[in-house]
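Spelled out from the first residue to the last, the chains are:
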Amino acid sequence: MKAVFMLLIAGSLTLNAQNKIPVYLDENKPIDERVEDALSRMTVEEKVAILHAQSKFSSPGVPRLGIPENWMTDGPHGIRPEVLWDEWEQAGWTNDSCIAFPALTCLSATWNKDMSLLYGRSIGEEARYRNKNVLLGPGVNIYRTPLNGRNFEYMGEDPYLAGKMVVPYIKGVQENGVAACVKHYALNNQETNRHTVNVVVDDRTLYEIYLPAFKAAVQEGDAWAIMGAYNLYKGQQACHNQYLLNDILRGEWGFKGVVVSDWGGVNDTREAIFNGLDMEFGSWTNGLTEGASNAYDNYYLAQPYLKLIKSGEVGTKELDEKVRRILRLSFLTTMNTKRPFGSFATEEHALAGRKIAQEGIVLLQNKNNILPIDLNTTKKILVVGENAVKMMTVGGGSSSLKVTYEVSPLDGLKKRIGSQAEVLYARGYVGDASGNYNGVVTGQNLEDNRSEAELIAEAVSMAKDADMVIFFGGLNKSNYQDSEGRDRKELELPYNQDKVITELVNANQNLVYVNISGNAVAMPWVNQVPGIVQGWFLGTEAGNALASVLVGDVNPSGKLTFSFPVKLTDNSAHTPDGNLGAATYRFPGTKDEVKYNEGLLVGYRWHDTKKIKPLFGFGHGLSYTTFEYGKVAADKKEMTTDDKITFTVNVKNTGSREGAEVVQLYISDLKSSLPRPLKELKGFDKIKLNPGEEKTVTFTVDKEALSFFDPDKHDWVAEPGDFEALIGASSTDIKSKVKFKLK
Ligand code: BGC
């Protein structure tokens, strides 16, 4: 009311005859009516103004009408610190240190939708408190190659899983009156040449692999915003793309929300007008470091658009459509007076992050039950590796954060173990000691000028004397090591870590390797090292979460959401298989083009179909207890396309401690007119079991789970014939199968 009153004084708004507030401010009116009312009050200049940025992360509102500005924030793992109005440099605020949540690879590895909801709610509350109404995340680009520097921001290689996991995140965020802006739509699967590369992919692969998670985000998650990708598709930038935005997103899926460009992802006014874009951000920047000051009036959707309208070269139909969508965003977020107020950097959020981390950590290998650490017999533990001490929340690109605190693995272990054992540390290797991103500095001094030989000698001599050695290595969000803008150069661990690990295990066989990364790495020493843990980038509570799993307070229950190949050429985007075309068309392609010639065979679909054994398969993850699977049963032998079929399987905890198991359903089409991957994930359920407890897991599927996308019909087709349902503890550990028919 106060805002209305002030506007009345300014004389720019008149009350209607009954002395009522204007329709667009009346929250009892349907949003569509409010949108039309606001639209009718706006000048063409005001309309164009709201289409593009006014600063690095904000766009104007309509000051005359009291419609607030839009404020965006990265995303997707925490709320980005404030940068200067017009620069990427830090604004130097002292109230913007957030809680960092685990990277999305870890979230997806929980295979637990409740964790996704908890994540969305928590980060949504942080965004809301910081007065941001659009969160730039989550990311659901498919993991095509382990070299993609941004895989850590995404949800793995399987479209079904990513689609299921993204939905609760979005709902949780939007409960706060904050829009989730799902990114990067679409086909943004590498950083190399990301601004120039045109992705060539067949329709079937597009619809079956690269689009489903976005479709779920839009149709099931009701995302209020989506971010276009940098790359091109069919020769057009994804941010203003007739096919991706007009035809598919809006046409086929009925998306009502706002399409936001990626920062600097727009390069043509007419395409931006006609091909589905609503809001333009970050033009004249590479999205990360460069920026031209005060260029906002020159944005493609700023003066150039206005000029075209004023000269009569283009009409205002598209403009009004864009404005309607942006107004709707405002009504759902900033102008929703009933939305909650949020909360920021709370203990509750830190604990939520820890819980998610604990469920997402994956126990990859546990020979001789080396884990959990037995504190009755283990009295001296040597921790080795830079990643045991390095802060990981700073770095990696736009998802870099400024945090209230971050518990390192070493500190987490020390705190948990206390006086029960001695915990010693040796550096082992020096990776990247710099510790600053975009003006946020970790404040850690990680300089160490000793030679490689000296560092190894120290670690090895200490290892000989220890009961157990835990090596924290992997990648680190520095350039080329899990970072935006730069893909990795190889599957191998950087900084000669393989050498350190080999020498350590030769000195002490009780070695546990904890891989801190968002990507698969090569492990040439896999047969020598008994314990291997996938430790992700876990955020604020990283060290506490890792310690709880290593010591066994928490029984690990995460499972991989992407395959670890033995060697890079075992991955389909890197295969030397000549049938898939010239080498230049494999990852990363040329500057201008990359062809996804492996088609549908991404990740486990490739490993399975081509019988290439992965190092660790999709869906793999061990527990400190054991599970016994019964035989899967189907409730019928035949089904029709209007029908459903239900599979049941009993799973029993046969070990001596409580644990959780992710039971996975894969479907295999035994005969089909178009080639299909050997099997595909179509269901999963995470169940908690006490020792000795048994539960029945039920999966009900319909024709959707049996369908493929027929490019000629441009539709999903469930073809009659024989199918098989496979129940597994992972894609490489199928416990039983049952055949059925689709009539
Ligand atoms: C990234 C986006 C990010 C944006 C704003 C771009 O470089 O690709 O994911 O949201 O910058 O920081």
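A. Expanded view of the layout of surface pockets. In this structure, the largest pocket occupies an estimated 930 Å³ of space. If you go around the largest pocket, you meet 37 residues; those closest to its centre are Y160, E220, K682, E704 and A705. Only helix 6 (159-174), helix 7 (203-210), helix 8 (212-219), strand 24 (680-689), strand 25 (694-701) and strand 27 (715-717) provide two or more residues apiece to the lining of the largest pocket. With five residues, the top contributor of residues to the lining of the largest pocket is helix 8. Residue composition of the lining of the largest pocket, by class: 16 nonpolar, seven polar and 14 charged. Residue assignment places the lining of the largest pocket across two domains, with domain 1 (42-332) and domain 3 (621-742) each supplying three or more.

B. Highlighting the domain arrangement of the chain. For the chain, the assigned domains read domain 1 (42-332), domain 2 (361-550) and domain 3 (621-742). Measuring from the centre of the C-alpha atoms in domain 1 to the corresponding centre in domain 2 gives 34 Å. Residue-level contacts link 38 residues of domain 1 with 34 residues of domain 2. Taken as a group, L147, F152 and L288 account for 21% of the area that domain 1 buries against domain 2, more than any other trio of residues on that side.

C. Looking closely at the site of the ligand. Around the ligand sit 15 residues, and of these D74, R150, H184, D262 and E484 come closest. Side-chain polar atom of D262 to an oxygen atom of the ligand: 2.6 Å apart, as the coordinates give it. The contact in question runs from an oxygen atom of the ligand to an N or O atom on the side chain of E484, over 2.7 Å. Compared with its free state, where it exposes 310 Å², the ligand has 100% of that area covered by protein. Of the residues belonging to the shell around the ligand, the class tally is five nonpolar, three polar and seven charged.

D. Layout of the pairing of strand 24. Among the 10 residues in strand 24, eight count as buried, and that is most of the element. Strand direction decides the pairing type here: strand 23 (residues 659-669) and strand 24, joined by nine bridges, are antiparallel. When the sheet's bridge partners are listed, Q664 is paired in strand 24 with F684.

E. Just the sheet that holds strand 15 (residues 468-474), in detail. Spatially, the six strands line up as an open sheet ordered 10-17-16-15-11-12, and their pairing is mixed. With partners counted over all chains shown, the strands left at the sheet margins are strand 10 (362-366) and strand 12 (422-426), one partner each. Looking at each pair of strands side by side, their axes are set apart by 20 degrees on average, direction ignored. Alignment of strand 16 (residues 511-516) against strand 17 (residues 531-534), held across four bridges, turns out to be parallel. Counted as the bridge partner of V512 is G531 from strand 17. In this fold helix 16 (residues 497-507) packs onto strand 11 (380-384), strand 15 and strand 16, with an angle of close to 170 degrees to the strand it touches most, strand 15. Set on the sheet, helix 17 (residues 542-551) makes contact with strand 15, strand 16 and strand 17; between it and strand 16 the angle comes to about 150 degrees.

Rules behind the numbers
- Residues numbered from 1 in each chain as written.
- Predicted model: local features only at pLDDT ≥ 70, side-chain atom pairs only at ≥ 80, totals over all residues.
- Heavy atoms only, no water.
- 1 Å grid on protein atoms, 1.4 Å probe; cavity = no way out; pocket = protein on both sides within 12 Å on 5 of 7 lines; lining within 4 Å.
- Points joined across faces, edges and corners; volume = space filled by probe spheres on them.
- Helix = DSSP H or I, 4+ residues; strand = E, 2+ residues; numbered from the N terminus.
- Nonpolar A, V, L, I, M, F, W, Y, C, P; charged D, E, K, R; others polar.
- Domains from an automatic or database assignment.
- Contact = heavy atoms within 4.5 Å.
- Buried area = accessible area lost by both parts, 1.4 Å probe.
- Near = heavy atom within 4 Å.
- Polar contact = N/O pair within 3.5 Å; in protein donor to acceptor, adjacent residues only side chain to side chain.
- Areas by Shrake-Rupley, 256 points an atom, 1.4 Å probe, with all protein chains shown as cover.
- Buried < 20%, exposed > 50% of the residue type's maximum accessible area, 1.4 Å probe, protein only.
- Pairing = 2+ DSSP bridges.
- Axes fitted to C-alpha atoms, helices over the stretch in contact; angles between N-to-C directions.

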